[in-house]
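# Remarks on the overall topology
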Amino acid sequence: MFGLPNNPNIMFSSTLKPNFFFYYLTFLLLFSWIPVNAQQITGKVRGEVLDENRVAFPFVQVSLKHYPDSNTVKIVLADDKGHFAFDIPAGKYFIELRMMGYSTTYSRVFDIAVSHAELLGAIQLKSAATQLAAVNIAALLPFVERRADKLIVNLNGLGSGAPIMEVMNQLPGVSVTPDDRISLNGKSVQIYIDGKVSALSAEALAGMLKGISSSSIQKVELIAQPSAKYDAAGSGAIINIIRKRNYKAGLNGNIYAGGGKGTFGKANGGINVNYKGKAYNALLNLDYSYNKYFYNSFITSDFLPGDGSMTGQTITDLQSTRTNANYTPSLGLDFYLTKRTTLSASIKPGFQTFNRDGLANIDLFNRNDTKPSGIISSSSQFINLVDIRAINLSSGLRLQYQIDTSGRELTTDLDYYRYGNFNDQYNRTITNDHASDIPAILRQDRILDAYAFKMDYTQPLIKGKQLEMGMKTSYVNSDNTNFFHYPGNQQTDQFAYKESISAVYMTYAANAKKFSYQLGMRGEYTYGQGEQQYDANRLTRNYFQLFPSIHLDYKLTPNHNLSLGLNKKTERPDYESLNPLVRIISSSNLQQGNPELQPANVYNADFWYGYKNSFFFGVTYSYRKDDFTSLAVALTNDVVTTLPGNADYSDYATVQAMYGKQVLPWWYTSSNATLSKRSFKGEVNGLLLQSDGITSLSATSFNSFSLGRNFSVMFIFNYRGRSMDRTFTNKGFSYLTAGIRQQFLNKRASAQLNVVDIFKSYLNSYQQNSGFVQQWWRNQFETRMVKVNFSYNFGGTVKNTKKNSGAEEERKRSTLNEN
């Protein structure tokens, strides 16, 4: 049954129970349980890595492997002088060295006896540039790596400085619609930046991603089945965007600029600078974007009392022009306190302005029984002028301590996030009755503060096994105010929500030649309170949940593998979904949240077959208890508000195929197709809403063709068939994007020209069935446009060093909850 509030003005309370000490103590008890001598260390091996010029090569991935089965025992990174060392039990081993742009290199086999030290000396890596040049993918195409629980895409210059939002469509399994809805393998996604989830609303997040240059991005991690080490919030997938950090001494950077034209003009530009010294590393990013566009909506609302008759109908024709500007500077500092201890600090402010000039023509029709009277009972115009200023600040400290060379590591994170959205609206309804044409001013302020403390510990075990555990506590305070003023009267309302979440987790992983697995368990305790000033109603939530996860991977042969993922997640309502204060679309269409909205528990299962790390075929299933859906509720005979509610359940099944490969030396493709179906059941005000869904086909194909040594063309085709999503029935559509790319100045510079939605065929049209209200929406906005981007790298070659296993995973896993 849908949880609709009897009175949407509900508030939650004031103080939160202190849970930090309990979970910190739990973490210490778990930590103390791990024996320090779990590895039974008996010997040591040392070595040094050199590049092709026999110069010390820092931060190369060094893997210690058993001989002869090649099982990975430990993975470390060479230090800033190229040195590496392992403390290991007796046995036969060899070393594998990996670095992007260089051929994989192996040491000789060596035998460690008790208390024996092995000196491997210098090992030289050879550049793989010649091999890559043959297929021309070194800087043109994403390099995809498969892990047990994710795909890693190294951008390698993909996008030529275009905003990362525009590059998303070129990643395997990722789809972005022109209205900025992102999905991965058909699932909704959470966006992480450097391992930290964003607490921004969907609209603000899209604006931020349009303000971040792809030139500042090192890689993107695509995590379709997040394990227990990630926050339980978020029922779908995770896209983790990792910014570049330079690991070669000296100054390096990138400058970029771009522009575009649809109906209106667009622009973006910025600079990314990285300087690394012996004792520190500094990273500065300055990004700016500007976009002006139109967004029109045609909305028909039918009011049905439930006896088959129709009491009324409104038709709204809303036209608006919008401008959006984003300025997102960021500064990151790494201090190398000791050889094994690094202190990192970051600060990322963001500034956004948004303006909307809207005009709605609204017709109200009288209805008699099931037949329209054909007479317009009233007509009006609604003027809506919006001016929004948004400021966000993300800051964090991380202390990373490598306990020894065996891979034992402890990291501590302390983060603070603040988001402020200040919205001024001028509204006026124009009718035949001029006495009622009174202007009104609505001011809406949204302020969110989030604090998080996190600790993670990694303990390598024998024979390629590894244990990870950690704890986290977070506190969020959301304060929302509406101030409504019109001549002779004014009203103020406030909604405050406070929430704390404390968690502990543990994962156990084993990697063998054929069979690998990861088992995880996460426990989270949530305590939340909220209150609305209007009627002083309070709501308190207090619950504990467990979230298990299982990942299995089996190699049938070197080219064929099977994988299975199972997990439980929760989807907590975001803050806008809980906020009951009204947001105005037009005088007949409103939006608001529902403070009685409950979290949805989600159970996921994925089964995949992979061939040569290029072709993947999978079957997925998700069951969502108390699922979210959107409902249109009649407030009067001509005013509708849209708000979220809880259904009984929904389930979602897919069959998917993905293929990404360098098919020919001049042709690279990354394509995917998905068959999906969602069933759904819920009840609102005694009326049953149920759907068995329809089978829908969606497909995306990215193709790049090299026509010369430094020149390429690309095409992106998107198709979405007719689909049903809970109470929505969406019409199908397809659209095509094409572009060309030229490199010059010894491949330091590149220029890219893209034409988006060439045939202007994108369609955003749907029907919403909410029982007593039926709505039809047809949205039109700027989709066809031409965009140009230029990018130039200066300084030494920027090494996009991969930090695999413990090192990189621990550097990026500090997270803030999005609830």
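Since the structure is predicted, the reported quantities are computational estimates derived from the model, not experimental observations.

## Considering the overall build of the protein
- When helices and strands are counted, the protein shows 6 helices and 48 strands.
- Expressed as a percentage of the 819 residues in the protein, the buried residues total 56%.
- Taking as baseline every contact in the protein between residues at least 6 positions apart, the subset at least 24 positions apart corresponds to 68%.
- Surface exposure of the protein reaches about 33400 Å², of which carbon and sulfur atoms provide 59%.

## Here we look at the sheet that holds strand E4 (residues 83-88)
- Read across the open sheet, the 3 strands follow the order E4-E1-E8; overall the sheet is mixed. Each of the sheet's edge strands pairs with one partner strand only, and the pair in question is E4 and strand E8 (117-124). Averaged over all neighbouring strand pairs, the angle between strand axes comes to 15°, with direction disregarded.

## Remarks on the pattern of salt bridges
- Evaluated as defined, the whole model comprises 20 salt bridges.
- Two residues, Glu-524 and Arg-522, come together in a salt bridge whose shortest N-O distance is 2.8 Å.
- On the basis of relative accessibility, which here comes to 1%, the residue Glu-524 falls in the buried class.
- For the salt bridge of Glu-531 with Arg-538, the shortest nitrogen-to-oxygen distance reads 3.4 Å.
- For Glu-531, a relative accessible area of 14% gives the class buried.
- The network of salt bridges with common partners includes Glu-571, Arg-624, Asp-627, Arg-678, Asp-725 and Arg-726.

## Things to note about the nonpolar core
- Ranked by size, the top nonpolar core spans 25 residues in total, and within it Leu-209 and Ile-239 carry the most contacts.
- Of all the secondary structure elements, the ones that give two or more residues to this core are strand E10 (151-154), helix H3 (164-167), strand E11 (174-176), strand E12 (182-184), strand E13 (187-193), helix H4 (202-210), strand E15 (217-223) and strand E16 (237-243).
- Counting residues per element, this core draws most heavily on H4, which supplies 4 residues.
- Among residues more than four places away in sequence, those in contact with Ile-239 are Met-168, Val-174, Ile-182, Leu-184, Val-189, Gln-190, Ile-191, Tyr-192, Val-220, Glu-221 and Leu-222.
- Listed in part, the 22 residues of the second largest apolar core include Val-45, Val-76, Ile-88 and Leu-125.

## Some details on the pairing of strand E36 (residues 640-646)
- The buried fraction of E36 is high, at 7 of 7 residues.
- The side-chain alternation of E36 yields two buried faces, one formed by Val-640, Thr-642, Pro-644 and Asn-646 and the other by Thr-641, Leu-643 and Gly-645.
- As defined by bridge partners, strand E32 (residues 589-591) adjoins E36 across 3 bridges and the pair is classed as parallel. Residue pairing for E36: Leu-590 is matched across the bridge by Thr-641.

## Section: a nonpolar patch on the surface
- On the surface, a cluster of nonpolar side chains totalling about 560 Å² of accessible area is made up of Phe-617, Val-619, Val-655, Leu-675, Leu-697, Phe-717 and Tyr-719.
- Of all the secondary structure elements, the ones that give two or more residues to the nonpolar patch are strand E34 (615-625) and strand E41 (711-720).
- For Leu-697, the position within the fold is in strand E40 (residues 696-706).
- Classification of Leu-697 by relative accessible area gives partly exposed; the value is 38%.

## Concerning the sheet that holds E36
- With respect to topology, 4 strands assemble into an open sheet ordered E31-E32-E36-E35, the strand pairing being mixed. Looking at which strands have only one partner, the edges of the open sheet turn out to be strand E31 (583-586) and strand E35 (628-634). Direction aside, neighbouring strands of the sheet carry axes that sit 30° apart on average.

## Quick look at the environment of Leu-578
- Mapping Leu-578 onto the fold places it in helix H5 (residues 575-578).
- Once you skip the residues sitting within four places of it in the chain, Leu-578 turns out to touch Phe-495, Tyr-497, Arg-541, Pro-573, Gly-593, Asn-594, Pro-595 and Leu-597.

## Things to note about unusual backbone geometry
- Its identity as a non-glycine residue notwithstanding, Arg-726 has a phi of 60°, on the positive side.
- Structurally, the position occupied by Arg-726 is in the loop between strand E42 (723-725) and strand E43 (728-730).
- On the basis of relative accessibility, which here comes to 16%, the residue Arg-726 falls in the buried class.
- One non-glycine residue, Asp-757, lies in positive phi territory at about 50°.
- The residue Asp-757 is located in the loop between strand E45 (749-756) and strand E46 (764-769) in this model.

## Here we look at the pairing of strand E17 (residues 250-261)
- Across 12 bridges, the pairing between E17 and strand E18 (residues 265-276) is antiparallel. Each residue of the ladder has a partner; that of Ile-255, found in E18, is Ile-271.
- Once E17 ends, the chain turns through 3 residues before running back antiparallel as E18.
- In terms of strand pairing, E17 meets strand E48 (residues 785-795) through 10 bridges, oriented antiparallel. For Gly-258, the partnering residue across the bridge sits in E48 and is Asn-789.

What counts and what doesn't
Numbering of residues starts from 1 in each chain and follows the order in which that chain's sequence is written. Confidence filtering applies because this is a predicted model: local features only for residues at pLDDT of at least 70, side-chain atom pairs given and counted only at 80 or more, and all residues used for totals across whole chains, interfaces and linings. Hydrogens and waters are ignored; side-chain quantities use all the structure's heavy atoms. Helix numbering and strand numbering both begin at the N terminus, where a helix is a DSSP run of H or I of at least 4 residues and a strand a DSSP run of E of at least 2. The classification of residues rests on relative accessible area computed with a 1.4 Å probe and restricted to protein chains. Under 20% of the type maximum is buried, over 50% is exposed, and intermediate values are partly exposed. In what follows, a contact means two residues having at least one pair of non-hydrogen atoms within 4.5 Å. For every accessible area listed, the method is Shrake-Rupley and the probe measures 1.4 Å; residues are considered covered only by the protein chains on display. Strand pairing is assigned whenever DSSP detects at least two bridges linking the two strands. To get an axis, fit a line to the C-alpha atoms, keeping to the stretch in contact for a helix; angles then go from 0 to 180 degrees between the N-to-C directions. We define a salt bridge as a contact between a side-chain nitrogen of Lys or Arg and a carboxyl oxygen of Asp or Glu at a distance within 4 Å. For our purposes a nonpolar core is just a set of buried Ala, Val, Leu, Ile, Met, Phe, Trp, Tyr and Cys residues, chained together by side-chain atoms within 4.5 Å. Like charges are joined within 9 Å and nonpolar side chains (Val, Leu, Ile, Met, Phe, Trp, Tyr) within 5 Å, but only among residues with over 30% relative accessible area and no salt bridge; these make up the patches.

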